[in-house]
Amino acid sequence: MATKQLQDAPTPARPKSTNGVINGTKAGTGDTRIVVIIYGPGQEKIVSVFADVLGKPYRLAPSFQAVGGGDHGTVIGIGASDAKADIGARNKMLMVAINAHCVNLGMPPDLDLSVASDYEFLYTEQPFFRRDLSRFIAFTLGQISHHEALITKPRTYFISTTFPDVRTALSNLDILSVGSDAVEIRVDLLKEPLPDGTFSSVPSMSYVGEQVMLLRQRTELPIIFTTRCTRENGRFPMDNPELYYQYLYRAIQWGCEYVDVEIWLPEDIRRRLYEQRGNSRIISAFHDFSGTFKWPSPEAQSIFQESRKYGDIVKMITIINSMSENYELEYFRSQIKANNPDGPPLSAVNMGQLGQFSRAVNTVFSPITHPLLPIVAAPGQMSAAEINGALSTMGQLPKKNIYAIGSFRSTPQATFFEKCFNELGLPHNFATVDRGVKGSVEAFCLQPNFGGAYINPPLPASQPNIPQLSLSDAARTIGAIDTIVVRGEGAFSFIGDNATWKGIRATLTRDFAPSAYKDRAAIILSSNGEDAASVIFALRSLNIGKIYTVGFKAQGPLASGVEPFTSIESVQRVDQPFAIISALPPDKSHLVQPLLRHFSNGKHTSSSHLPGLGKVFLDLANGPRKGDPLAVAEQSGWTAYGVADTSAFTTVETLRLLVGQNVPYSFVRLASGRGLY
Ligand SMILES: O=C1C[C@@](O)(C(=O)O)C[C@@H](O)[C@@H]1O
């Protein structure tokens, strides 16, 4: 049957690396196959949204057979009933098929189409969450990847949600996920109501699909999809391993970033899931509730070796009987690390109260809970604040002074940082200090308990004058340090970094995949090269084509491929730019308006009859301004963002750099409603 077909077919043309948008690296091109969107009755407009997000033209086709090599670079739409006829016979090396299904229409997706497609996008028409689509497509096509960034982060946490229906969690999700790097959906704990008032023993695929969709619409965090079995503290029945395959494979198709695959499952199922995982990552999971498991045993070693065969992360969780077994786990952890330098990261904790020590010291994907959750997902689970409290009591999280250094006395951000520290149980002090006289930044860095700083306006990277400071690539290239991070002690223990460009890039990729920027033109307006440097860096990381400038001339390492507009004629010669970014100060920000209007109905770069029309405008001006560039942009058909978006994304990045904790963008924006920006 159709399921069988998939079992034998690893996802073809998987990009060699998922070099998505991480750190200073460039966005990868990802999957280069032709994207085919299967749409439901009356839903052809979803094809144009996919095309817009990807920055590509689109056309509708009657069948897979009608798609050929000449369609590279065009998004193809095929109606669901037409697609059914020949989806099984499609050339999988040439095209990637995505079944787009609108759940508002009251019917579950067609099972044959679900199974035969490479991916499935479930969406609601009202409200429609474009950023959900953007994230889904950028992830499944390998243009972005969270994993590389997460496994290099010193500590990662995921929140195990235990809701029977994620709808009840949505209003609290922002606060629940403070401190988490990923959100786990415990599929086995979902309770699907049946018409007779009871609950289904296993939630149906369509119910689970909708739950995943709802969760992803409300969080930007990667999702971990878990079907925990009855023997391992879960509710998923164990009599039919094939059922696990069906759910877990569908999780890959839905674009879940992580899929938890239990080690007891037959090897064939684990292998298939691993081979077919596309850009998802497999967490190979082992739980032992017998109380007889021993970390120093050969069994523990062989479980790790078996898990690593089909796991990007290995998770081992057990019940213990004495405190000393925590030390045995630590020895096991260090051995595994030493003997498997290229092996997958190990996430290992002991359950129960006795095991809480290990929950505090585990650094890789530590499962956490939150007081607002209905139940803890496993005995002994702790919240992020409890773990940080324990670490600080054990001397593992020394109290530091963290500063906002600027030409200001106090800012709402400072209050926000303090709130985050409280919420996360971090022991640090936060102080806002005036930069004042030259040299004061250095003076703060030299204080014994200096724990890092964000600096506004940024420090020139050319003359920071701080001993022990090394620079990140981004700070060096941009020429500005807005964050000083402390890593360890001794020589070069301070890193001068730049968080602003990441805030800009995150804003630019909120509603568009990185491919939308590739080789397209952009215009930057600024009074000087310094204010524009982080913008150029962010655009370059998205493989932008030509950059035109107004008000400044780019210098130094960022100057190549950047051309100033010299006259009205030079503006008129330019093809439709994909992005216009203004770094002008508020009193000059209205000067961008004529450009926004000029390019409103633009000439198109693409020769196709249906080009992607998306265009992005970002206004970085902060403060009361003349005119309303955002309104003008929106009237002229631009997708417009203001500085509040970029500042919120930059705050996320700054917190991550300074204290290693993830505070979701949505939470920062929530706080901004109370006057953060
Ligand atoms: O595997 C784990 C770890 C866990 O069992 C714990 O012990 O915290 C909780 C589960 O939800 C998660 O899937």
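Conventions used here
- Residues numbered from 1 in each chain as written.
- Predicted model: local features only at pLDDT ≥ 70, side-chain atom pairs only at ≥ 80, totals over all residues.
- Heavy atoms only, no water.
- Near = heavy atom within 4 Å.
- Polar contact = N/O pair within 3.5 Å; in protein donor to acceptor, adjacent residues only side chain to side chain.
- Areas by Shrake-Rupley, 256 points an atom, 1.4 Å probe, with all protein chains shown as cover.
- Helix = DSSP H or I, 4+ residues; strand = E, 2+ residues; numbered from the N terminus.
- Nonpolar A, V, L, I, M, F, W, Y, C, P; charged D, E, K, R; others polar.
- Expected span 1.5 Å × (residues − 1).
- Buried < 20%, exposed > 50% of the residue type's maximum accessible area, 1.4 Å probe, protein only.
- Patch = residues over 30% accessible without salt bridge, like charges linked within 9 Å, V, L, I, M, F, W, Y side chains within 5 Å.
- Salt bridge = Lys/Arg side-chain N within 4 Å of Asp/Glu carboxyl O.
- Phe/Tyr/Trp six-rings, centres within 6.5 Å; stacked < 30°, edge-to-face > 60°.
- Pairing = 2+ DSSP bridges.
- Axes fitted to C-alpha atoms, helices over the stretch in contact; angles between N-to-C directions.
- Contact = heavy atoms within 4.5 Å.

Draft legend 1. Highlighting the site of the ligand. As a structural note, the neighbourhood of the ligand is formed by 14 residues, with Glu184, Arg228, Lys315, Arg359 and Gln381 the closest of them. Arg359 is positioned with one of its side-chain polar atoms (N or O) 2.8 Å from an oxygen atom of the ligand. For the ligand, an oxygen atom lies 2.9 Å from a polar atom in the side chain of Gln381. Taking 320 Å² as the accessible area of the ligand by itself, protein coverage stands at 99%. At the level of elements, strand E7 (182-186) and strand E11 (313-319) are the ones that each hand at least two residues to the shell around the ligand. Considered class by class, the residues forming the shell around the ligand number 5 nonpolar, 4 polar and 5 charged.

Draft legend 2. Quick peek at helix H9 (residues 205-218). Here H9 contains 14 residues, and its C-alpha end-to-end distance of 20 Å stays within 8% of the 20 Å for a straight helix at 1.5 Å per residue. Where burial is concerned, most of H9 is hidden: 11 out of the 14 residues are buried. Among the residues of H9, Met205, Tyr207, Val208, Gly209, Gln211, Val212, Met213, Leu214, Leu215, Arg216 and Gln217 are the ones counted as buried.

Draft legend 3. Inspection of a nonpolar patch on the surface at higher detail. Residues Met323, Tyr327 and Leu354 make up a contiguous nonpolar surface patch of roughly 270 Å² in combined accessible area. Inspection of the secondary structure assignment puts Met323 in the loop between E11 and helix H13 (324-339). Given the relative accessible area of 33%, Met323 is considered partly exposed.

Draft legend 4. Just the environment of Ser541, in detail. By secondary structure assignment, the location of Ser541 is in helix H20 (residues 529-541). For Ser541, a relative accessible area of 3% translates into the label buried. Spatially, the C-alpha atoms of Ser541 and Gly142 are 15 Å apart, while their sequence positions differ by 399 residues. At 2.7 Å, the side chain of Ser541 and the backbone oxygen of Ala538 are in polar contact.

Draft legend 5. Quick look at the packing of aromatic side chains. Using the criterion set out here, one finds 30 aromatic pairs in the structure. Where Phe236 meets Tyr244, the ring centres are 4.9 Å apart and the plane angle is 65°; that geometry is what we call edge-to-face. No difference in accessibility class separates Phe236 from Tyr244, as the two residues are buried. Grouping aromatic residues by their ring pairs yields a cluster made of Phe50, Phe121, Tyr123, Phe128 and Phe136.

Draft legend 6. Region of the structure containing the sheet that holds strand E18 (residues 480-486). Spatially, E15-E14-E16-E18-E19-E17 is the arrangement adopted by the 6 strands of the open sheet, whose pairing is mixed. Each having just a single partner strand, strand E15 (429-434) and strand E17 (469-471) make up the two edges of the open sheet. Here the average twist between neighbouring strands, direction ignored, is 20°. Relative to E18, strand E16 (residues 450-460) runs antiparallel, the two being bridged by 5 bridges. The partner of Leu459 across the bridge, within E18, is Ile481.

Draft legend 7. Layout of the sheet that holds strand E24 (residues 616-619). Here 6 strands make up an open sheet; going across it, the order is E22-E21-E20-E23-E24-E25 and the pairing parallel. The two strands at the open ends of the sheet, each matched to only one other strand, are strand E22 (562-564) and strand E25 (639-641). Sheet twist, expressed as the average angle between the axes of neighbouring strands with direction ignored, equals 20°. Both strand E20 (residues 522-525) and strand E21 (residues 547-550) contribute to a ladder of 4 bridges, which runs parallel. Directly across from Ile524, in E21, lies its bridge partner Thr549. Running at roughly 145° to E24, helix H19 (residues 500-508) makes contact with strand E23 (579-582), E24 and E25 of the sheet.

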